[in-house]
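Here's the letter readout for the chains.
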Amino acid sequence: MAVQDQVVVRRGVEIHEGLRNYMMKVYTHMGLGLAISGVVAYAMSTSPALMRAVFQSPLSWLVLLAPFAMVMLLTPAMNRLSVNGVRIGFAGFAAVMGVSLSTIFLVYAHESIVQVFGVSAAMFLGMGVYGYSAKRDLTSMGSFLIMGAWGLLLAIIVNVFMKSEALAYALSAIGVLIFTGLTAFDVQRIRLMYSEADGEDTLGKKALMGALVLYMDFINIFIHMLNLFGNRK
């Protein structure tokens, strides 16, 4: 093999290894975020006094809206913050999300939560593998699904006042379809964000941003699946 060919092969191997490490960081950060949310949610649910203080007061709206506000603030701030700053912000977001999710332990049977979580994880991983290995560009599909996600959010807000159970089930079914599709799109987008020319700090921030995006995809799949198939107490 010619020296030039050896250089090309070696460079290809280095890029592949760098991309693999980068994606591992994305999924590791995402997993840690889910773990933080799960621990906080369960701990909250075991304290009736704390649950009443939060969810039977105006604080409930703050808790429900805080994760959305934190995402809106954290995303543009990532370039200005250090890697550790972004990591702390992501951990804080996951903790606040855990508070918001704590009510599921009061509404659904614990075994059902575990089962739906497992099914959601399998769906998420399957779509992630598809998005990572897909040869075709998923941008057009992703753009359509993003618009669908905003429409879904608006419909959910409307249904808070309509309180239609049938509409809630329909929206959850649509939500599962939208966010499973977005998982494939986001994984492909995160993979394409990788560049071997990036420094460690830049790659660290990209990995955390990717983790945040995939965390939101998974949480949405899980919550909508729980609404559809979870066994209530």
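Thresholds applied
- Residues numbered from 1 in each chain as written.
- Predicted model: local features only at pLDDT ≥ 70, side-chain atom pairs only at ≥ 80, totals over all residues.
- Heavy atoms only, no water.
- Core = buried A, V, L, I, M, F, W, Y, C linked by side-chain atoms within 4.5 Å.
- Buried < 20%, exposed > 50% of the residue type's maximum accessible area, 1.4 Å probe, protein only.
- Helix = DSSP H or I, 4+ residues; strand = E, 2+ residues; numbered from the N terminus.
- Contact = heavy atoms within 4.5 Å.
- 1 Å grid on protein atoms, 1.4 Å probe; cavity = no way out; pocket = protein on both sides within 12 Å on 5 of 7 lines; lining within 4 Å.
- Points joined across faces, edges and corners; volume = space filled by probe spheres on them.
- Nonpolar A, V, L, I, M, F, W, Y, C, P; charged D, E, K, R; others polar.
- Axes fitted to C-alpha atoms, helices over the stretch in contact; angles between N-to-C directions.
- Parallel < 35°, antiparallel > 145°, perpendicular 65-115°, else oblique.
- Left-handed = near helix turned anticlockwise from the far one by under 90°.
- Salt bridge = Lys/Arg side-chain N within 4 Å of Asp/Glu carboxyl O.

Student: Summarise the nonpolar core; cite the residues concerned and give the values.
Tutor: In a soluble, globular protein the nonpolar side chains are often hidden away together inside. Formed by 50 residues in total, the largest nonpolar core has its most connected members in Tyr22, Met30 and Tyr215. Sort the elements by how many residues they give to this core and helix α9 (residues 200-229) lands first, with 13 residues. Other than its neighbours up to four places away in sequence, Tyr215 contacts Met30, Gly33, Leu34, Ser37, Phe90, Phe93, Ala94 and Met97. Counting 5 residues, the second largest nonpolar core, distinct from the first, contains Met51, Val54, Val63 and Val99.

Student: Which residues make up the environment of Ala207, and what values go with them?
Tutor: Relative to the helices and strands, Ala207 is located in helix α9. Sequence-distant contacts of Ala207, that is, excluding residues within four places in its chain, are made with Tyr22, Lys25, Val26 and His29.

Student: Lay out the layout of surface pockets in plain terms, naming residues and giving numbers.
Tutor: Space inside the second largest pocket adds up to approximately 240 Å³. What lines the second largest pocket is a set of 14 residues, among which Gly38, Phe105, Ile113, Phe117 and Phe222 lie closest to the centre. Of all the elements in the fold, those that place two or more residues in the lining of the second largest pocket are α1 (3-45), α5 (104-107), α6 (110-133) and α9. Looking at side-chain class alone, the lining of the second largest pocket contains 11 nonpolar, 3 polar and no charged residues.

Student: Residue-level account of the packing of α6 against α9, with values.
Tutor: Contact geometry for α6 and α9: axes closest at 9 Å, N-to-C directions at 130°. In this view, α6 runs oblique relative to α9, as classed from their interaxial angle. Read as a crossing pair, α6 and α9 show a hand that is right-handed. Residues Ser112, Ile113, Val116, Phe117, Val119, Ser120, Ala121, Met123 and Phe124 of α6 form the contact with α9, whose participating residues are Leu214, Asp217, Phe218, Ile221, Phe222, Met225, Leu226 and Phe229. The residue makeup of the contact of α6 with α9, split by class, is 14 nonpolar, 2 polar and 1 charged.

Student: Which residues make up the pattern of salt bridges, and what values do they have?
Tutor: Across all of its chains, the model carries 3 salt bridges by this definition. Between Arg20 and Glu17 there is a salt bridge, with its nearest N and O atoms 2.9 Å apart. Of the two residues, Arg20 and Glu17 are both situated in helix α1; the distance of 3 residues between them amounts to about one turn of the helix. Overall, Arg20 belongs to the partly exposed group, its relative accessible area being 40%. A salt bridge links Arg189 to Asp186, with the shortest nitrogen-to-oxygen separation between them at 2.7 Å. Separated by 3 residues within a single helix, Arg189 and Asp186 lie in helix α8 (residues 165-193), roughly one turn from each other.

Student: An account of the packing of α6 against α8 is requested, with residue identities and associated values reported.
Tutor: At their nearest, the axes of α6 and α8 sit 7 Å apart, and the two run at 40° to each other. Relative to α8, the element α6 is oriented oblique. As α6 runs across α8, the sense of the crossing is right-handed. Touching Met123, Phe124, Met127, Gly128, Tyr130, Gly131 and Tyr132 of α6 are Val176, Thr180, Gly181, Thr183, Ala184, Val187, Gln188 and Arg191, all from α8. When its residues are assigned to classes, the contact of α6 with α8 shows 8 nonpolar, 6 polar and 1 charged.

Student: Outline unusual backbone geometry, listing residues and values.
Tutor: With a phi close to 55°, Lys163 is a non-glycine residue in the positive phi region. By secondary structure assignment, the location of Lys163 is in the loop between α7 (139-162) and α8. What makes Lys163 exposed here is its relative accessible area of 70%.

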